[in-house]
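What the coordinates show
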Amino acid sequence: GCLALYDYNMFPRCGVAVQSDGKILFSGSHGTSEDGRNAMIFRLKVDGSLDSTFNSVGYVIKDFFGFEDHANDVEIDNNGKIVVVGKENEYSWLTRQYVMRYNANGTPDSTFGVNGVSIFYLAPSSYDCLYKVDILSDNRIVAGGMSNIGTYNYATVRLTENGTLDNTFGTNGIVNGGYIGSAETSGYGQAIQPDGKIVVTAGINTGNFFNIARYKQKLIPDVTAWPSASSIIYGDSVGQSVLSGGSASAAGTFAFADSTFSPDSTGNYTVAIVFNPSDLSAYMPVNGTVTVNVLSLIHISQGIVR
C-alpha cells in the first residue's frame, strides 16, 4: 500500500520502482485539500522503513504552480537516476505535464530540463495526463497517458536524455494515438519490446472499449569501434583532420559534429563526432568523441608561424 503522511492523501495512481540495491521508490500525491495536493516521491529501505538518506527526510514533495499535482509513475534510469512523470491540474486552465529527474540521493538533477524538471503540454486541454514511464537503453524517456484533442486519445511522448522533447518521434516528440471514447481513460498500460517497439493499451471508463497499439522506434546502432583522427596544423579547422577506422552494426559514416571548429592552440583536443546511419528511417545517429592532435609548423616560404 501507500504511506499516509497527511490528512488528505490521494494516491489514485501509485508508481513503484525497485533500485538495484533493493530500496523501493513510491510516487503519488499528498495534501490537506484537493487543490493543495502536491507530487510526492518517497523511498523505503529493504526492511520497509523510511529511508532518511533520501533527500535527508525520506521523501520529496514538489508543488509546481500552487494547484493539484500528481506523480503517477516512477522509474530508475540506466545511471541510477530517478525519473518521475505526472501532471499539474487546474481545471479552468490547460493541464501541464511534467517529467522530473532526481539524483539517487533525492536532489533535483540539474542536467535535466530546467532544474531537474521538463514541463510541456500534450494537447490544449485541461484533461491530459501522463500515467506511465519507461527508460530506453540510451536513457531516452518514453511516457504515456491521455490527451484530449476534441475527443479523448491515448498519447505517447518521448524525451531526450537531457529532458527536451525528442522531435525525431511523432510530431515534436508526441504521438496522439487515436480516439478511445467520449470519457476519460480508466486504464493505461505501456511496455517496451526487446526490439524497441512501444506497446500501449488504453480503455475508457464508460463501457467496454479498449485499444492496443504498437509504435516502431528508430533503432540505435551499436558503434563497436570509434574511428581515430589524424593530426592537424594549428589554425586549421577539425574538418582538415581525417577520421579513419571505426565500425558500427549498421551501414553509415562518421563525421565531426562541427567540422568548422578551429582549436586556438596546440595540443590534444577532445572533439565531438557522430555516426550517421545510411538508413535514417530505421536508425538513429549516435554521438561520440575523438582526440585530435594539433601541431605547430613554420611555413618559411610564407614567413608565417603556425
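I will try to describe carefully the structure that is included in this document. (Residues numbered from 1 in each chain as written. Predicted model: local features only at pLDDT ≥ 70, side-chain atom pairs only at ≥ 80, totals over all residues. Heavy atoms only, no water.)

Some details on the pairing of strand E23 (residues 286-295)
Side chains of E23 alternate between two faces, with Val-286, Gly-288, Val-290, Val-292 and Val-294 buried and Asn-287, Thr-289, Thr-291, Asn-293 and Leu-295 left unburied. Summarising the sheet, strand E18 (residues 232-233) and E23 pair through 2 bridges and their orientation is parallel. Residue Ile-232 lies in a different strand from E23, and its bridge partner there is Val-294. Here strand E22 (residues 267-277) runs beside E23; their pairing, made up of 9 bridges, is antiparallel. Directly across from Val-274, in E23, lies its bridge partner Asn-287. (Buried < 20%, exposed > 50% of the residue type's maximum accessible area, 1.4 Å probe, protein only. Helix = DSSP H or I, 4+ residues; strand = E, 2+ residues; numbered from the N terminus. Pairing = 2+ DSSP bridges.)

Focus on the sheet that holds E22
The sheet built from 4 strands is open, its strands ordered E18-E23-E22-E21 with mixed pairing. For this open sheet the edge positions go to E18 and strand E21 (252-256), each flanked by a neighbour on one side alone. Sheet topology note: the E21/E22 ladder contains 5 bridges and is antiparallel. Following the sheet pairing, Gly-252 is matched in E22 by Pro-277.

What about the environment of Pro-221?
Turning to its location among the elements, Pro-221 is positioned in the loop between strand E15 (210-215) and strand E16 (223-225). The buried category is assigned to Pro-221, whose relative accessible area is 5%. On a C-alpha basis, the gap between Pro-221 and Ala-251 in space is 9.0 Å, while along the polypeptide they are 30 residues apart. Here Pro-221 is in contact with Ser-249, Ala-250, Phe-275, Pro-277, Tyr-283, Met-284 and Val-286, once residues within four sequence places are set aside. (Contact = heavy atoms within 4.5 Å.)

Section: the packing of aromatic side chains
For the coordinates displayed, the defined rule picks out 4 aromatic pairs. Through a chain of ring-to-ring contacts, three or more aromatic side chains come together here, namely Trp-226, Phe-254 and Phe-275. (Phe/Tyr/Trp six-rings, centres within 6.5 Å; stacked < 30°, edge-to-face > 60°.)

Concerning unusual backbone geometry
Glycine aside, residues mostly have negative phi, and peptide bonds are mostly found in the trans state. Despite not being glycine, Asn-55 shows a phi value in the positive range, around 55°. By the element assignment, Asn-55 lies in the loop between strand E3 (38-44) and strand E4 (59-62). A relative accessible area of 30% means that Asn-55 is categorised as partly exposed.

Some points on the side chain of Gln-217
By the element assignment, Gln-217 lies in the loop between E15 and E16. Side-chain polar atoms of Gln-217 contact the side chain of Arg-158, separated by 2.8 Å. Residue contacts for Gln-217: discarding those within four places in its chain leaves Leu-136, Val-142, Arg-158, Ile-192, Gly-196 and Ile-198. (Polar contact = N/O pair within 3.5 Å; in protein donor to acceptor, adjacent residues only side chain to side chain.)

A few points about the nonpolar core
Within the largest apolar cluster, 16 residues are counted, with the highest numbers of intra-cluster contacts made by Leu-25, Ile-41, Ile-82, Val-84, Tyr-98 and Met-100. Ignoring any residue separated from it by four or fewer positions in sequence, one finds Val-84 in contact with Ser-27, Ile-41, Ala-71, Asp-73, Val-74, Tyr-98, Val-99 and Met-100. (Core = buried A, V, L, I, M, F, W, Y, C linked by side-chain atoms within 4.5 Å.)

A closer look at the side chain of Arg-140
Its place among the elements puts Arg-140 in the loop between strand E9 (129-135) and strand E10 (141-148). A distance of 2.7 Å separates a polar atom in the side chain of Arg-140 from a polar atom in the side chain of Asp-138. When neighbours within four sequence positions are excluded, Arg-140 is seen to be in contact with Asp-134, Ile-135, Arg-158, Leu-159, Thr-160, Glu-161, Asp-166, Lys-218, Ile-220 and Met-284.

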